[in-house]
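Structure assessment
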Amino acid sequence: MYSSNKRKKLWREEKERLLKMTLEERRKEYLGDYVALKTIPTWMEDLKSKSESDGENAKEDLQGKKSLSEKVSLYRGDITLLEVDAIVNAGNPGVFFCAGTMITPAKLI
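As a convention, each chain's residues are numbered from 1 in the sequence order in which they are written. In keeping with the predicted nature of the model, local features appear solely for residues at pLDDT of at least 70, side-chain atom pairs appear and are counted solely at 80 or more, and the whole-chain, interface and lining totals rest on all residues. In computing side-chain values, all of the structure's heavy atoms are included and hydrogens and water are not.

The chain carries the name O-acetyl-ADP-ribose deacetylase MACROD2 in an unreviewed UniProt entry, which gives Cyanoderma ruficeps as its organism.

Written out as structure tokens, the structure is:
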């Protein structure tokens with residue numbers, strides 16, 4: 001096993017190496033499939049596509065939700081395949097079914 005200081009040094013070196021890489025270079029190092037965040041529609045884009053198929057009723061839902069709905073995406077699937085820097089469980093022990101919170105790469109925000 002590595003000592004604590006050695007692990008910290010190794011992590012710092014790896015972090016710096018990853019931060020210097022472009023997105024394409026990082027993707028070459030992925031071990032399997034991934035889901036890019038730009039392929040997941042925002043809540044607003046999802047509402048717009050539904051409003052086109054539902055007619056006028058959904059247009060009222062779009063009003064007043066713009067700021068949050070343009071920033072939030074809803075994803076159903078294996079969250080471990082998402083191309084994000086971290087997945088954080090934001091629930092507490094009293095919550096039985098809690099969802100993870102995704103931390104997106106700073107370049108995408």
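Here the narrative resumes.
On to the overall build of the chain. By definition, any uninterrupted DSSP run of H or I lasting at least four residues is a helix, any uninterrupted run of E lasting at least two residues is a strand, and each is numbered from the N terminus. Secondary structure assignment for the chain yields 5 helices and 2 strands. Counting helices and strands in the order they occur from the N terminus, the chain gives α-α-α-α-α-β-β. For this analysis, residues touch if any pair of their heavy atoms sits within 4.5 Å. For the chain, contacts bridging at least 24 residues in sequence account for 47% of all contacts bridging at least 6. In short, Shrake-Rupley with a 1.4 Å probe defines the accessible areas, and a residue's cover is counted only from the protein chains shown. Working note: accessible area of the chain is about 9400 Å², and carbon and sulfur atoms make up 55% of it.

This part covers the environment of Trp43. Relative to the elements of secondary structure, Trp43 occurs in helix α3 (residues 43–54). For every residue, the accessible area (1.4 Å probe, protein chains only) is compared with the maximum for its type, and the residue is labelled buried under 20%, exposed over 50%, or partly exposed between those bounds. Trp43 sits in the partly exposed class, given a relative accessible area of 26%. The spatial distance from the C-alpha of Trp43 to the C-alpha of Val72 is 5.7 Å, given a sequence separation of 29 residues. Not counting residues up to four positions away in its chain, the partners in contact with Trp43 are Leu68, Ser69, Val72, Ser73 and Leu74.

We count a salt bridge whenever a side-chain nitrogen from Lys or Arg sits within 4 Å of a carboxyl oxygen from Asp or Glu. Counted under the stated rule, the structure contains 4 salt bridges. Arg17 is the partner of Glu29 in a salt bridge, and the nearest nitrogen-oxygen pair spans 2.8 Å. Of the two residues, Glu29 sits in the loop between α2 (23–28) and α3 while Arg17 sits in helix α1 (residues 4–20), which places them 12 residues apart along the sequence. Note that Asp85 and Arg26 form a salt bridge whose closest N and O atoms lie 3.6 Å from each other. Placement of Asp85 in the loop between α5 (66–69) and β1 (86–89) and of Arg26 in helix α2 is noted, with a sequence separation of 59 residues between them. Owing to a relative accessible area of 46%, Asp85 belongs among the partly exposed residues under this scheme. Given a relative accessible area of 27%, Arg26 falls into the partly exposed group. If you follow the salt bridges from partner to partner, you end up with Glu14, Arg17 and Glu29 in one network.

What follows is about the side chain of Glu83. Relative to the assigned elements, Glu83 resides in the loop between α5 and β1. Within the structure, Glu83 has its side chain in polar contact with the side chain of Arg27 (distance 2.8 Å). For this analysis, a polar contact is any N or O atom pair within 3.5 Å, provided that within protein one partner can donate a hydrogen and the other can accept it, and provided that sequence-adjacent residues contribute only side-chain to side-chain pairs.

The next subject is the environment of Gly32. Its location among the elements puts Gly32 in the loop between α2 and α3. What makes Gly32 partly exposed here is its relative accessible area of 43%. With 49 residues separating them in the primary sequence, Gly32 and Leu81 have C-alpha atoms 8.5 Å apart.

Turning our eyes to something else, we now look at the environment of Arg17. Taking relative accessible area as the criterion, Arg17 reaches 34% and is therefore assigned partly exposed. One polar contact links Arg17 to Glu14, side chain to side chain, over a distance of 2.8 Å.

Here Thr42 is to be found in the loop between α2 and α3. Taking the relative accessible area as the measure of exposure, Thr42 reaches 16% and is therefore buried. Ignoring any residue separated from it by four or fewer positions in sequence, one finds Thr42 in contact with Ser69, Glu70, Val72 and Ser73.

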